[in-house]
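Descriptive analysis of the structure
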Amino acid sequence: MRNPLDWRLFVNGKADELLYERGDVNTGLPLDALRARSDITTKARAADQDARFSARIRDGLPSRPPPAR
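The shown structure was predicted, so the numbers you read here are calculated from the model rather than taken from an experiment. (Residues numbered from 1 in each chain as written. Predicted model: local features only at pLDDT ≥ 70, side-chain atom pairs only at ≥ 80, totals over all residues. Heavy atoms only, no water.)

From N to C terminus, the protein includes four helices and zero strands. Sorting the 69 residues of the protein into buried and exposed places 13% on the buried side. Once local pairs closer than 6 in sequence are excluded, the contacts in the protein between residues at least 24 apart make up 24%. When the accessible surface of the protein is summed, it comes to about 5900 Å², and 53% of that surface belongs to carbon and sulfur atoms. (Helix = DSSP H or I, 4+ residues; strand = E, 2+ residues; numbered from the N terminus. Buried < 20%, exposed > 50% of the residue type's maximum accessible area, 1.4 Å probe, protein only. Contact = heavy atoms within 4.5 Å. Areas by Shrake-Rupley, 256 points an atom, 1.4 Å probe, with all protein chains shown as cover.)

Dropping the structure here:
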């Protein structure tokens, strides 16, 4: 099924809310907790020019739960 357009696609900072609501982002966490755990600002500043920047900013991020059977 095709997803209808939603105003949150066009407003900065709202796409995560829409994707969470639609079930496209599913970690088993409430949205506020997911946002807090997904904030990479401090890690990005610490990793700065590190060759492993991408891996360092993803360390400890919430992952998706396994699909239900």
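One can describe the packing of helix α1 (residues 15-22) onto helix α2 (residues 31-38) by two numbers: an axis separation of 11 Å at closest approach and a directional angle of 130 degrees. Considered as vectors, α1 and α2 are oriented oblique to each other. The chirality of how α1 crosses α2 is right-handed. Residues D16, E17 and Y20 of α1 lie in contact with α2, whose contacting residues are L31, L34 and R35. Of the residues contributing to the contact of α1 with α2, the split by class is three nonpolar, no polar and three charged. (Axes fitted to C-alpha atoms, helices over the stretch in contact; angles between N-to-C directions. Parallel < 35°, antiparallel > 145°, perpendicular 65-115°, else oblique. Left-handed = near helix turned anticlockwise from the far one by under 90°. Nonpolar A, V, L, I, M, F, W, Y, C, P; charged D, E, K, R; others polar.)

Averaged over the protein, the pLDDT score is 86; the fraction of residues at 70 or greater is 88%. Mean pLDDT in the protein bottoms out at α1, which sits at 90, and peaks at helix α3 (residues 41-47), which reaches 93. (pLDDT = per-residue confidence, 0-100.)

Looking now at the environment of R8. Inspection of the secondary structure assignment puts R8 in the segment before α1. Sequence-wise, R8 and L18 are ten residues apart; in three dimensions their C-alpha atoms are separated by 6.4 Å. Not counting residues up to four positions away in its chain, the partners in contact with R8 are K14, A15, E17, L18 and E21. Side-chain polar atoms of R8 contact the side chain of E17, separated by 3.2 Å. (Polar contact = N/O pair within 3.5 Å; in protein donor to acceptor, adjacent residues only side chain to side chain.)

Opposite charge on two side chains lets them pair, provided their charged atoms get close. The full count for this structure, using the stated rule, is seven salt bridges. The residue R35 makes a salt bridge to D16 at a minimum N-O spacing of 2.8 Å. Of the two residues, R35 sits in helix α2 while D16 sits in helix α1, which places them 19 residues apart along the sequence. Across the pair R56 and D50 runs a salt bridge whose closest N-O atoms are separated by 2.7 Å. A single salt-bridge network, built from bridges that share partners, covers D6, R8, K14, E17 and E21. (Salt bridge = Lys/Arg side-chain N within 4 Å of Asp/Glu carboxyl O.)

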